[in-house]
Amino acid sequence: MGPIINDHLLSVITFLPLATGLLLLASGVLAGFVRSDGLPPAVWRAVALSSSLLTFVVSVVGLWGGFDPEQSGFQFVERTPWMAAYGVNYFVGVDGVSLVLVLLTSFLMPVILLASWNDITKSLRTYVFFMLFLETGMLGAFVSLNLLQFYIFWEVMLVPMYFIIGIWGGPRRVYAAIKFFLFTMFGSLLMLVAMLVVYWLNFDQGGVLNLDLVSVPETASGLALLDTAIPVTGEGAPWFKTQFWLFAAFALAFGIKVPMVPFHTWLPDAHVEAPTAGSVVLAGVLLKMGTYGFVRFALPLFPVAAVEFVPFFFALSLIGIVYGSLVAMVQQDVKRLVAYSSVAHLGFVMLGIFALNLQGVTGSVLQMVNHGLSTGALFLLVGFLYERRHTRQISDFGGIARPMPVYAALFGIVTMSSIGLPALNGFVGEFLILLGTFAANAWVAAAAALGVILAAAYMLWMYRRVFFGPIENPENRGLIDLSWRERTVMVAMIVPIVWIGVHPEPLLRRIEPSVMQILSQMQQRGADLQIEGVAVASLAASGPEQGGAAEEAMP
């Protein structure tokens, strides 16, 4: 790659999809002077797919190939003053945590566009633009290191997703879109208020307005947010300036996005009413914004409050795992069943995050990727079946493995991935999460293990009722197996599912140093022995080899 691209690699990856969308819009306007319908739909599809593929290739070759797994800090950093007088800069960079999520996002988008190649007939041009716009929003949030910049990308994502659900969704699409928007916006406004409080605390201590999460040595940017001393309860500061309430505001915004029980009610409606592409983006990437927000911002900014909230989040995570599994078990709609399974799976992710140790947090980050692949693949498969039968009711199927053997085999592989079968990706993430949780609280880990059993129960029961038994509905006899395009899509999804399950080490090598850095930041910023004990225990429990690396990462 050329020096310009190398120096601005993250910007190229982030804005290439949006630039393509704007170029298509402009070209469509110009083409309208030649032909009444502008650019043909095939051109829009082909250009969008090519752009998303190029984004993925640049991500793999540039980011993955150029990332140094031995470093725990941010790499590929770009920083340009934006509204410098107010501490707002264009500031991007990736560490191991954000790296894998950027790769997941750039991987899923071309798969989604190829999978929905023939699905969208209404307002195709608008749909393509919103998908590319959404990709830029998601990538921008994962690479942002300025808090206001992150917030802008966080909010930008709402707009295209709102229209994707509201225009191309099911019969109750408007209700689902509005509910999704209002839930997320409510949490975002509380986070904005907390951001402003942190902003002024930083100014009081540093004397310069600054919203950068970390400092850049060669610039006089003031005190970084992670260097700001945020008071804890009992230190005499007003209640709204204490870590407890600031963490609660951030946690509410991120918890709604995850979503955690009891803020999950928007998710099943959004999933069921969204088109297949929208469901895959929602499950694969958007839900990870919440869990990523906890790891990147909430834990290191408010470490004392994070430890105080551990029992609360353990309880909510366990409730989410069990509740999501039990509700999924009684669903008659396959897509709604998969939607509720996300509540349970993200409960595991949150459990690992609040184990506050190397294994737990690393497993949670890996499980973010795993969930995006496995659940995204399930939504694609459900969408393929819906295109053929225009129903998702389990009772309308039965025995379809006979007319659709390839579909049944691929669905079986993804089902096993979702329930955590060894040698597939879900097992690695869940194992690390349970290992980390056991180190933090054995009883919580034992209770969480029940979720693994429940996941096997509802997924295998659904699989048996849909694919096996006699074909009682005559409409199922003539079902056509997957086309080559659909098979290509599913093979693309299954390859990383198997690769991560068999050989997760390349991902773990890049994630672990960044996780250790975050835990080290929590220890440095901890104001009492409780947080210090958690961080030290987490690093010391990581094993001789990793423990040595952890000690080197400590100041």
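Structure: above.
What you see is a predicted model; the values in this text were computed from it and never measured. (Residues numbered from 1 in each chain as written. Predicted model: local features only at pLDDT ≥ 70, side-chain atom pairs only at ≥ 80, totals over all residues. Heavy atoms only, no water.)

S.K.: Describe the packing of helix α17 (residues 425-440) against helix α18 (residues 442-467), listing the residues and the values that go with them.
M.R.: For the pair α17 and α18, interaxial distance at closest approach is 6 Å and the crossing angle is 155°. As summarised for this structure, α17 and α18 are arranged roughly antiparallel, according to the angle between their axes. Along its contact with α17, which presents E430, L434, T437, F438 and A440, the element α18 presents A442, V444, A445, A448, A449 and V452. Split by residue class, the contact of α17 with α18 holds nine nonpolar, one polar and one charged. (Axes fitted to C-alpha atoms, helices over the stretch in contact; angles between N-to-C directions. Helix = DSSP H or I, 4+ residues; strand = E, 2+ residues; numbered from the N terminus. Parallel < 35°, antiparallel > 145°, perpendicular 65-115°, else oblique. Contact = heavy atoms within 4.5 Å. Nonpolar A, V, L, I, M, F, W, Y, C, P; charged D, E, K, R; others polar.)

S.K.: Can you tell me about the pairing of strand β1 (residues 75-83), naming the residues and giving the values?
M.R.: As defined by bridge partners, β1 adjoins strand β2 (residues 88-94) across six bridges and the pair is classed as antiparallel. If you follow R79 over to β2, its bridge partner there is F91. As consecutive antiparallel partners, β1 and β2 are separated by four residues, and within that stretch G87 has a phi angle of approximately 75°, a positive value. (Pairing = 2+ DSSP bridges.)

S.K.: Quick rundown of helix α6 (residues 147-156)? Include the residues and the values.
M.R.: In terms of residue burial, α6 counts as a mostly covered element, since eight of its 10 residues are buried. Capping the start of α6, N146 holds a side-chain oxygen 3.2 Å from the backbone nitrogen of L148, two or three residues further along. (Buried < 20%, exposed > 50% of the residue type's maximum accessible area, 1.4 Å probe, protein only. Polar contact = N/O pair within 3.5 Å; in protein donor to acceptor, adjacent residues only side chain to side chain.)

S.K.: Can you tell me about a nonpolar patch on the surface, naming the residues and giving the values?
M.R.: Residues V29, L30, F33 and V34 make up a contiguous nonpolar surface patch of about 510 Å² in total accessible area. Here V29 is to be found in helix α2 (residues 9-31). Given a relative accessible area of 54%, V29 falls into the exposed group. (Patch = residues over 30% accessible without salt bridge, like charges linked within 9 Å, V, L, I, M, F, W, Y side chains within 5 Å. Areas by Shrake-Rupley, 256 points an atom, 1.4 Å probe, with all protein chains shown as cover. Salt bridge = Lys/Arg side-chain N within 4 Å of Asp/Glu carboxyl O.)

S.K.: Tell me about the packing of aromatic side chains, and please be specific about residues and values.
M.R.: Throughout the structure, instances matching the rule amount to 39 aromatic pairs. Aromatic pair Y463 and F468: ring centres 5.5 Å apart, planes at 75°, arrangement edge-to-face. The buried category is assigned to Y463, whose relative accessible area is 13%. For F468, a relative accessible area of 45% puts it in the partly exposed group. For the cation-ring pair, K257 lies above W154, with the distance from its terminal atom to the ring centre recorded as 5.1 Å. Positioned above the aromatic ring of Y386, the side-chain terminus of R392 is 4.9 Å from the ring centre. (Phe/Tyr/Trp six-rings, centres within 6.5 Å; stacked < 30°, edge-to-face > 60°. Lys NZ or Arg CZ within 6 Å of the ring centre and 35° of its normal.)

S.K.: So what's going on with the environment of L49? Residues and values would help.
M.R.: The residue L49 is located in helix α3 (residues 41-66) in this model. Aside from chain neighbours lying at most four places away, what touches L49 is P110, L113, L114 and W117.

S.K.: Outline the pairing of β2, supporting the account with residue identities and numerical values.
M.R.: Extensive coverage of β2 is indicated by the burial of seven of its seven residues. Going residue by residue along β2, you find V88, Y90, V92 and V94 tucked away on one face and N89, F91 and G93 tucked away on the opposite face as well.

S.K.: A description of the nonpolar core should follow, citing residues and the corresponding values.
M.R.: Membership of the largest hydrophobic core comes to 193 residues, with the highest contact counts inside it found for F247, F294, F354, Y407 and M490. With 16 residues, the single largest contributor to this core is helix α11 (residues 276-301). Residues in contact with Y407, not counting those within four places in the same chain, are L381, V382, F384, L385, I400, F467, D481 and L482. (Core = buried A, V, L, I, M, F, W, Y, C linked by side-chain atoms within 4.5 Å.)

S.K.: Help me get a handle on the packing of helix α15 (residues 358-389) against α17, residues and values and all.
M.R.: Between α15 and α17, the shortest axis-to-axis distance is 8 Å and the interhelical angle comes to 155°. Relative to α17, α15 is oriented roughly antiparallel. Here the hand of the crossing between α15 and α17 comes out left-handed. Seen from α15, the contacting residues are Q359, G360, G363, S364, L366, Q367, N370, L373 and S374; seen from α17, they are N425, G426, V428, G429, E430, L432, I433, L435 and G436. (Left-handed = near helix turned anticlockwise from the far one by under 90°.)

S.K.: So what's going on with helix α14 (residues 334-353)? Which residues, and what values?
M.R.: The first and last C-alpha atoms of α14 sit 29 Å apart over 20 residues, in line with the 28 Å expected at 1.5 Å per residue. Counting buried residues in α14 gives 20 out of 20 residues, a clear majority hidden from the surface. Capping the start of α14, D333 holds a side-chain oxygen 2.8 Å from the backbone nitrogen of K335, two or three residues further along. (Expected span 1.5 Å × (residues − 1).)

S.K.: Describe the pattern of salt bridges, and please don't skip the residues or the numbers.
M.R.: All told, the structure shown has 10 salt bridges when counted by the stated rule. A salt bridge links D95 to R296; the nearest nitrogen and oxygen atoms lie 2.6 Å apart. Residue D95 is located in the loop between β2 and α4 (96-115), and its partner R296 is located in helix α11; the two are separated by 201 residues in the primary sequence. What makes R296 buried here is its relative accessible area of 3%. Via salt bridges that share partners, R172, K179, D269 and R336 belong to a single interconnected network.

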